[in-house]
Amino acid sequence: MVFYLLSMFGVAVFAASGALAAGRKNFDLFGVIVIAIVTAVGGGTLRDLLLDRYPIFWVRDPAHLTVILVAAACTLAYVRFRKPPLAALAVADALGLALFTISGAQVAEQKELPALTVVVMGTITGSAGGVLRDVLSGEVPLLLRQTDLYATAAIVGVAAYLVLQTLGFGHEPASFVGMGVVAGLRFAAIRWKLRLPVFRVSEEKSKSE
Amino acid sequence: MVFYLLSMFGVAVFAASGALAAGRKNFDLFGVIVIAIVTAVGGGTLRDLLLDRYPIFWVRDPAHLTVILVAAACTLAYVRFRKPPLAALAVADALGLALFTISGAQVAEQKELPALTVVVMGTITGSAGGVLRDVLSGEVPLLLRQTDLYATAAIVGVAAYLVLQTLGFGHEPASFVGMGVVAGLRFAAIRWKLRLPVFRVSEEKSKSE
Amino acid sequence: MVFYLLSMFGVAVFAASGALAAGRKNFDLFGVIVIAIVTAVGGGTLRDLLLDRYPIFWVRDPAHLTVILVAAACTLAYVRFRKPPLAALAVADALGLALFTISGAQVAEQKELPALTVVVMGTITGSAGGVLRDVLSGEVPLLLRQTDLYATAAIVGVAAYLVLQTLGFGHEPASFVGMGVVAGLRFAAIRWKLRLPVFRVSEEKSKSE
């Protein structure tokens, strides 16, 4: 039950961030709703499709869609009168990422998949919604260019979650530590502008080939 | 049988509109065919994937792919010698949208999904093909920016279809009214340039945050 | 067993080409890995999703992901000190395309799908990874614009594979000839710059409508 409420919280936050992103692109009302939905359920949907996990989590339970519509409407109403609370949203987004990532990893774990796949599924659940949002908005996904350790935080968090369980920790404490690692790394990355190295292939070299 | 023929008509129209769009981007012959296929079957395929509805409608029945290839070839041949009949295509596209949307809603209904999901599935079936076409063409989906009530027509049509059934109307009349609402709204939107409001987040505000 | 090793070889080559493409866009380390994974497994994943073929080929077997990570790391290390071996990569890519395409066609064949669908599934398996790579990189898919007969090679190869079997050839020789046709056409296209005709819709015509 707590988990369900937390999951709704994550959905709402991702929907709000999607609505804000769509607003920046001057999409119309429908576009805002689509981007809000895609951002909020995209990662979990891709995970469910890849793992043959039907019904997909939001298809039978209209609560997810309802929460998304309400969150998008509130976002629209709020930014009509006030500045978007970007700092608060960044914190909420980090919590949503932590929650989605570890819950995605748990789903993959229940299917007894190898550790590497568990990491991939956790990362997909946490971050694919944002990638779809960017692709539909005509942007190169932010995640691939400069992540402030966004997906990296997810990967390290799932790894911590798996390692702790291997060391004999219980399922629940490992989950909470894993979420803490994701959110903590993400906060640290935003605070100190931590980034992964960019990989460059010299254009000159390539052209001279 | 009538339904099957209507569905083929919708596929052909969407394939022609995809081929035209690809032609505008100077794609090669293969690119035109891919975009025609994606536009025509993309929405229904996404619906089938999300609803675990296998085999996907065009996979076992080669008639869909054949109709798409013929429609794309006719489009290529036609525009070689004449102006594309945009007005006729817009009418046909509205009919295709109406048909795909209501048939998508019916599929979701058979699965006894909640009303909100039925609306989403109808809208996806009718409009996701066009979104995929735009993404593959490197465009921000038209649908999200300025829809002339494209997806909105789909949403309102499915809502009408569901409300009528709740009021005791039979399945068939409700379907026809639903399709009429979709096509009618779309015609009206094209005719009088009806649009949804655009949602703006002031860049200044965001930057000053 | 030979087939499995060949398949790993294809995965490695596609991962390397994905890593190189990501490097050209100045993605960060995570972006490079994502693009490498998507390029290598995207086509087969889409095929498996469309054919309801679970578990998806890389989900249960971590060897695919491992090979991709190693191939991407080697590519990163190599181009740090040397020019990317583009000619060698083009050859390897043609072999990967041949292998993926025919193996995709075989999967569709086992499901007793119509010939047209077999061709489509083979082509998707061989080329959809590259399309996803381009979409995520913010590029209009190379494949749709100027293919050097990339997908066309796949289509002709699958057709040859099917025709030979109809003519009474065994499964294995038909497979090898099919792969040879794909790789051979692709080499010829690169060597002599063979291209499909581009389909143009005059903008003037369209605008005057």
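Residues numbered from 1 in each chain as written. Chains lettered and ligands numbered in written order. Predicted model: local features only at pLDDT ≥ 70, side-chain atom pairs only at ≥ 80, totals over all residues. Heavy atoms only, no water.

Topic: the pattern of salt bridges
All names here are of chain C. Selection criterion: Between Lys or Arg on one side and Asp or Glu on the other, a salt bridge is scored when a side-chain nitrogen of the former is within 4 Å of a carboxyl oxygen of the latter. Residue burial is assigned from relative accessible area. The probe radius is 1.4 Å, only protein chains are included, and a residue is buried under 20% of its type maximum, exposed over 50%, and partly exposed in between.
In the structure shown here, the tally under the stated rule is 12 salt bridges over all chains. A salt bridge links Arg 53 to Asp 48; its shortest N-O distance comes to 2.9 Å. A residue is classified by how much of its surface remains accessible, and Arg 53, at 28% relative accessible area, is partly exposed. Take Asp 48: its relative accessible area is 0%, and that puts it in the buried class.

Concerning the interface of chain B and chain A
Definition in use: We call two residues in contact whenever any of their non-hydrogen atoms come within 4.5 Å of each other. What gets called buried area is simply the loss in accessible area from a 1.4 Å probe that two parts show on being joined, summed for both. Distance and chemistry together define a polar contact, namely a pair of N or O atoms within 3.5 Å, with one atom able to donate a hydrogen and the other to accept it when in protein, and with adjacent residues in sequence counting only for side-chain atoms on both sides. Only DSSP runs of H or I reaching four residues or more are called helices, and only runs of E reaching two or more are called strands; each is numbered from the N terminus. Asp, Glu, Lys and Arg are counted as charged, while Ala, Val, Leu, Ile, Met, Phe, Trp, Tyr, Cys and Pro are counted as nonpolar; the rest, among them Gly, fall into the polar class.
Each side of the interface is counted separately: chain B has 37 residues, and chain A has 37 residues. At the boundary of chain B with chain A, total buried surface from both sides reaches about 3000 Å², with 70% on carbon and sulfur atoms. Between the two partners, chain B and chain A, sit zero salt bridges. Where chain B meets chain A, there are four residue pairs in polar contact (both at pLDDT 80 or more). Secondary-structure elements contributing two or more residues to the side of chain B that touches chain A are α2 (29–50), α5 (115–136), α6 (142–145), α7 (150–166) and α9 (203–208) of chain B. Per-element accounting of the side of chain B that touches chain A gives the leading share, seven residues, to α5(B). Broken down by class, the residue content of the side of chain B that touches chain A amounts to 22 nonpolar, seven polar and eight charged.

Looking at the interface of chain B and chain C
Contacts between chain B and chain C engage 37 residues on the former and 37 residues on the latter. When chain B packs against chain C, the two sides together hide about 3000 Å² of surface, and 70% of this comes from carbon and sulfur. The tally of links between chain B and chain C comes to zero salt bridges. Summed over the shared surface of chain B and chain C, the number is four residue pairs in polar contact (both at pLDDT 80 or more).

Considerations on helix α4 (residues 86–110) of chain A
Our working definition: Between the first and last residue of a helix there are one fewer steps than residues, each counted as 1.5 Å, and that sum is the expected span.
Here α4(A) contains 25 residues, and its C-alpha end-to-end distance of 36 Å stays within 8% of the 36 Å for a straight helix at 1.5 Å per residue. Once α4(A) ends, the next one or two residues include Glu112(A), with phi positive near 55°.

Section: the nonpolar core
Rules: The nonpolar core is taken to be a set of buried Ala, Val, Leu, Ile, Met, Phe, Trp, Tyr and Cys residues, with the residues joined through side-chain atoms within 4.5 Å.
In terms of nonpolar packing, the biggest core is built from 191 residues, with Trp58(A), Ile68(A), Trp58(B), Ile68(B), Trp58(C) and Ile68(C) touching the most fellow members. Setting aside anything within four residues of it in sequence, one finds Trp58(C) in contact with Leu50(A), Thr117(A), Val120(A), Met121(A), Val41(C), Thr45(C), His64(C) and Leu65(C).

Quick word on the relation of the copies chain B and chain C
Selection criterion: To superpose the copies, least squares is applied to the C-alpha atoms of every residue with a pLDDT of at least 70 in both.
Structural alignment of chain B on chain C gives an RMSD of 0.0 Å, achieved by rotating through 120° and translating 0.0 Å along the axis. As the rotation angle and translation indicate, the two copies are arranged about a three-fold axis. Different-surface contact between copies: only 11% of interface residues of chain B are shared with the interface of chain C.

Here's the deal with unusual backbone geometry
Here the residue pair Tyr54(A) and Pro55(A) is connected by a cis peptide bond, since its omega of -10° sits within 30 degrees of zero. Here Glu112(C), not a glycine, exhibits a phi torsion of approximately 55°, which is positive. Topologically, Glu112(C) is positioned in the loop between α4 (86–110) and α5 (115–136).

So, the relation of the copies chain B and chain A
Overlaying chain B on chain A yields an RMSD of 0.0 Å, the required transformation being a rotation through 120° with an accompanying axial translation of 0.0 Å. Interface residue correspondence from chain B to chain A reaches only 11%, placing this contact among heterologous pairings that use different surfaces.

Side note on the packing of aromatic side chains
Residue and element names in this part refer to chain A. We count it as follows: Whether two aromatic rings pair depends on their centres lying within 6.5 Å, for rings of Phe, Tyr and Trp, where Trp uses its six-membered ring; planes under 30 degrees apart make the pair stacked, over 60 edge-to-face, and the rest tilted. A ring is considered to have a charge above it if a Lys NZ or an Arg CZ atom is located within 6 Å of its centre and within 35 degrees of its normal.
Counting across every chain of the model gives three aromatic pairs over all chains. Aromatic side chains Phe 14 and Phe 100 sit 4.8 Å apart centroid to centroid with 45° between the ring planes, which places their arrangement in the tilted category. Taken together, the residues span a long stretch of sequence, with Phe 14 in helix α1 (residues 2–24) and Phe 100 in helix α4 at a distance of 86 residues. This pair shows no difference in class: Phe 14 is buried, exactly as Phe 100 is. Above the ring of Phe 57, the side-chain terminus of Arg 47 is found at 5.9 Å from the ring centroid.

A closer look at helix α8 (residues 171–192) of chain C
All names here are of chain C. With 22 residues, α8 extends 31 Å from end C-alpha to end C-alpha; this agrees with the ideal 32 Å at 1.5 Å per step. Taken as a whole, α8 has its buried residues at Ala 174, Ser 175, Gly 178, Met 179, Val 182, Ala 183, Arg 186, Ala 188 and Ala 189. As for α8, its buried residues are in contact with α4 and α7 (150–166). Positive phi shows up at Lys 193, right after α8, with a value of about 50°.

Observations regarding the environment of Asp134(A)
Residues and elements named next belong to chain A. In this structure, Asp 134 sits in helix α5 (residues 115–136). A C-alpha to C-alpha distance of 22 Å links Asp 134 and Phe 187, two positions 53 residues apart in sequence. With residues up to four places along the chain from it excluded, the contact list for Asp 134 reads Glu 139, Val 140, Pro 141, Leu 142 and Leu 143. Within the local environment of Asp 134, its side chain forms a polar contact with the backbone nitrogen of Leu 142, the two atoms lying 2.9 Å apart.

Re the confidence of the model for chain A
All names here are of chain A. Short version of the rule: The predictor attaches a confidence to each residue, and that confidence, scored 0 to 100, is pLDDT.
Here chain A shows a mean pLDDT of 87. Residues at 70 or above account for 94%. Within the model, the stretch residues 203–209 combines pLDDT values under 50 with 14 contacts to residues more than four positions away or in other chains. What the predictor reports for the complex is a pTM of 0.91 with an ipTM of 0.88.

Focus on the side chain of Thr123(C)
Along the chain, Thr123(C) falls in helix α5. Non-local contacts of Thr123(C), meaning those with residues more than four positions away in its chain, are made with Phe30(B), Thr101(C), Ala128(C), Ala151(C), Ala154(C) and Ile155(C).

Considering the packing of helix α4 (residues 86–110) of chain B against helix α8 (residues 171–192) of chain B
All names here are of chain B. For clarity, the cut-off: Note on method: axes are straight lines fitted to C-alpha atoms, helices fitted across the in-contact stretch only, with angles between N-to-C directions ranging 0 to 180 degrees. The crossing is said to be left-handed when, going from far helix to near helix, the turn is anticlockwise and less than a right angle, and right-handed when the turn is clockwise.
Close contact between α4 and α8 brings their axes to 9 Å; oriented N to C, the two are set at 140°. Read as a crossing pair, α4 and α8 show a hand that is right-handed. Packed against α4, whose contacting residues are Ala 90, Val 91, Ala 94, Leu 95, Leu 97, Ala 98, Leu 99, Ile 102, Gln 106 and Glu 109, the element α8 presents His 171, Ser 175, Gly 178, Met 179, Val 182, Ala 183, Arg 186, Phe 187 and Ile 190 at the interface. For the contact of α4 with α8, a count of residues per class yields 13 nonpolar, four polar and two charged.

Examining the packing of helix α3 (residues 62–81) of chain A against α5(B)
Just so we agree on the cut-off: For classification purposes, angles smaller than 35 degrees are called roughly parallel, those larger than 145 roughly antiparallel, those between 65 and 115 roughly perpendicular, and all remaining angles oblique.
Across the interface, α3(A) lies against α5(B) with an axial gap of 8 Å and an inter-helix angle of 75°. Regarding the angle of α3(A) to α5(B), the classification is roughly perpendicular. Taking contact as the criterion, the partners of Pro62(A), Leu65(A), Thr66(A) and Leu69(A) in α3(A) are, on α5(B), Leu116(B), Thr117(B) and Val120(B). Classifying every residue of the contact of α3(A) with α5(B) by side-chain character gives five nonpolar, two polar and no charged.

Regarding a nonpolar patch on the surface
Residue and element names in this part refer to chain A. Spelled out, the test is: Here, patches come from residues exposed beyond 30% relative accessible area and free of salt bridges, joined within 9 Å for like charges and within 5 Å for nonpolar side chains (Val, Leu, Ile, Met, Phe, Trp, Tyr). Residue burial considers only the protein chains on display, and all accessible areas are found by Shrake-Rupley using a 1.4 Å probe.
Taken together, Phe 9, Val 91, Leu 95 and Phe 187 make up a surface patch of nonpolar side chains, about 320 Å² in accessible area. For Leu 95, the location among the structural elements is in helix α4. Judged by relative accessible area, Leu 95 falls into the partly exposed class, the value being 38%.

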